[in-house]
Amino acid sequence: MTTTLGLPEAIQACLFDLDGVVTRTAVVHAAAWKETFDAFLHAREGDGFRPFGADDYDTYVDGRPRADGVRTFLASRDIHLPEGRPDDPPDAPTVHGLGNRKNEILLARIRTDGVQPYDGTLRFIEAVRARGLRTAIVSSSANTRDVLRSIGAEHLFDVRVDGVVAAERGLPGKPRPDTFLAAARDLGVPPARAAVFEDALAGMDAGRAGNFGYVVGVDRVGQTDALYAHGADVVVKDLAELGGQA
């Protein structure tokens, strides 16, 4: 049985990813990663380098903590860099340096172009809360709070588990389920009574690995089949499709 929210009746809490689910920032992240990796690969391999592509983003980077994305993509090209330190400068030839370069590019793009929310998601979250369900934002981004404040949406979430909180608590990122499990625990809701909302394949893996009660895939880029293959119970193009207009 599903409710007017399009969720099983047992669901008591909703755990939302940020980029690509709440905000239109997934495309900005993808562009920042491409600029970062293409410059790195060109400097390393010359004009014949193989550029970073959309499949690389979906498979190796999307939804993962920044340093994990660097490691995973570079390993796919049989490249291994020193770890370095989290505060490495963006020109350092290390995992953290490359990740910090990406973040520098991302923030510059956000400052220039701003951040836009998905209005269907915001309406859905408002409807969820109006019906007494609890909500959390779960993101690998260390910029989550600033992004939510920029769109006036911080008040829509009872709990925030992001890149900053994960680092403080020593939580591994997606595709591991630990950040989602921490959010459910902070809300006082067992995983079986929580729904996960994700657009990334790594997020789907995390939702399924955590044995959550419902996993909703949000298909923004035409990867419905892949989202189902990675564990989605249902896939929608926009959360407005689930119902629950506030």
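Model, not experiment: these values are computed from the prediction.

Q: Requested: an account of the packing of helix H1 (residues 26–45) against helix H4 (residues 95–113), with residues and values cited.
A: Here H1 crosses H4 at 135 degrees, and the two axes come no closer than 9 Å. Viewed along their axes, H1 and H4 adopt a mutual orientation that is oblique. By crossing handedness, the relation of H1 to H4 is classed as right-handed. Seen from H1, the contacting residues are Val-28, His-29, Ala-31, Ala-32, Trp-33, Glu-35, Thr-36, Phe-37 and Phe-40; seen from H4, they are Leu-98, Arg-101, Lys-102, Ile-105, Leu-106, Arg-109 and Ile-110. Residues that form the contact of H1 with H4 fall into these classes: 10 nonpolar, 2 polar and 4 charged.

Q: Tell me about the nonpolar core, and please be specific about residues and values.
A: Grouped together as the largest cluster of nonpolar side chains are 36 residues, with contacts concentrated most on Leu-7, Phe-16, Val-22, Phe-124, Phe-197, Val-216 and Leu-239. Counting residues per element, the ones that place at least two in this core are strand E1 (13–16), H1, H4, helix H5 (119–130), helix H6 (144–150), strand E4 (194–198), strand E5 (214–218) and strand E6 (234–236). Of the residues forming this core, the biggest block, 5 residues, is contributed by H5. With residues near it in sequence (within four places) discarded, Leu-239 still touches Phe-16, Val-21, Gly-120, Thr-121, Phe-124, Phe-197, Val-216 and Val-218.

Q: Describe the side chain of Asp-62, and please don't skip the residues or the numbers.
A: Within the fold, Asp-62 resides in the loop between helix H2 (54–61) and helix H3 (66–76). The side chain of Asp-62 is buried and forms no salt bridge, while Lys-174, the nearest opposite charge, is found at 8.1 Å.

Q: So what's going on with the sheet that holds E6? Which residues, and what values?
A: Overall, parallel pairing links the 6 strands, which are arranged E3-E2-E1-E4-E5-E6 in an open sheet. Looking at which strands have only one partner, the edges of the open sheet turn out to be strand E3 (159–161) and E6. This sheet shows a mean twist of 20 degrees between the axes of neighbouring strands, independent of strand direction. In terms of strand pairing, E5 meets E6 through 3 bridges, oriented parallel.

Rules behind the numbers
- Residues numbered from 1 in each chain as written.
- Predicted model: local features only at pLDDT ≥ 70, side-chain atom pairs only at ≥ 80, totals over all residues.
- Heavy atoms only, no water.
- Axes fitted to C-alpha atoms, helices over the stretch in contact; angles between N-to-C directions.
- Helix = DSSP H or I, 4+ residues; strand = E, 2+ residues; numbered from the N terminus.
- Parallel < 35°, antiparallel > 145°, perpendicular 65-115°, else oblique.
- Left-handed = near helix turned anticlockwise from the far one by under 90°.
- Contact = heavy atoms within 4.5 Å.
- Nonpolar A, V, L, I, M, F, W, Y, C, P; charged D, E, K, R; others polar.
- Core = buried A, V, L, I, M, F, W, Y, C linked by side-chain atoms within 4.5 Å.
- Buried < 20%, exposed > 50% of the residue type's maximum accessible area, 1.4 Å probe, protein only.
- Lys, Arg positive; Asp, Glu negative; His and termini not counted.
- Salt bridge = Lys/Arg side-chain N within 4 Å of Asp/Glu carboxyl O.
- Pairing = 2+ DSSP bridges.

Just geometry here; none of it tells us what the structure is for.
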